[in-house]
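Observations on chain architecture
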Amino acid sequence: MGRFSNKERVHFLEIANGSLMEVMCQLELSLLLGYISQQQFDEQELFISETTKMLVGLRKTFEDKV
């Protein structure tokens, strides 16, 4: 959060969300290839879902201020 404008903060929150979706994709591949169990996948999917909700909420807060 070293950025100075809300517009910049929104931009970097969008990048963070995109990175989170990339991690989700890697988790799905890991599951399909047998590197992780279904339980491990489910735990991480829940964490990603909660994190996504927080990022969306924070982004909306900054967008409302722009």
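Structural notes, computed from the coordinates. On a predicted model such as this, the values are computed, not experimentally measured, just so you know.

1. Here we look at the pattern of salt bridges
- Taken as a whole, this structure holds two salt bridges when the rule is applied.
- Ionic pairing is found between glutamate 14 and arginine 59, a salt bridge with its closest N-O pair at 3.1 Å. Placement of glutamate 14 in helix 1 (residues 6-32) and of arginine 59 in helix 2 (residues 38-65) is noted, with a sequence separation of 45 residues between them.
- Assessed through its relative accessible area of 31%, arginine 59 is described here as partly exposed.
- A salt bridge links glutamate 63 to arginine 59; its shortest N-O distance comes to 3.2 Å.

2. Describing the nonpolar core
- Membership of the largest hydrophobic core is limited to 10 residues, which are Val10, Leu13, Leu20, Met24, Leu27, Ile36, Phe41, Ile48, Leu55 and Phe62.
- For this core, the elements supplying multiple residues, two or more each, are helix 1 and helix 2.
- Among the elements that make up this core, the one with the highest residue count is helix 1 (five residues).

3. Observations regarding a nonpolar patch on the surface
- A contiguous nonpolar patch, built from Leu29, Leu32, Leu33 and Tyr35 and spanning about 520 Å² of accessible area, is present on the exposed surface.
- Along the chain, the position of tyrosine 35 falls in the loop between helix 1 and helix 2.

About the cut-offs
Residues take numbers from 1 onward in each chain, read along the sequence in its written order. Two thresholds apply to this predicted model, a pLDDT of at least 70 for residue-level local features and 80 or more for giving and counting side-chain atom pairs, whereas whole-chain, interface and lining totals are computed over all residues. Calculation of side-chain values draws on the structure's entire complement of heavy atoms; hydrogens and water are dropped beforehand. The salt bridge criterion pairs a side-chain nitrogen of Lys or Arg with a carboxyl oxygen of Asp or Glu, the two atoms within 4 Å. What counts as a helix is a DSSP run of H or I of at least four residues, what counts as a strand is a run of E of at least two, and both are numbered from the N terminus. Summary of the burial criterion: residues with accessible area below 20% of their type's maximum are buried, those above 50% are exposed, and those between are partly exposed, where the area comes from a 1.4 Å probe applied to protein chains only. Joining through side-chain atoms within 4.5 Å is the link that ties buried Ala, Val, Leu, Ile, Met, Phe, Trp, Tyr and Cys residues into a set, and such a set is a nonpolar core. To count toward a patch, a residue needs a relative accessible area above 30% and no salt bridge. Like charges then connect within 9 Å, nonpolar side chains (Val, Leu, Ile, Met, Phe, Trp, Tyr) within 5 Å. Here the open area of atoms and residues is found with the Shrake-Rupley method and a 1.4 Å probe, where only the protein chains shown may cover a residue.

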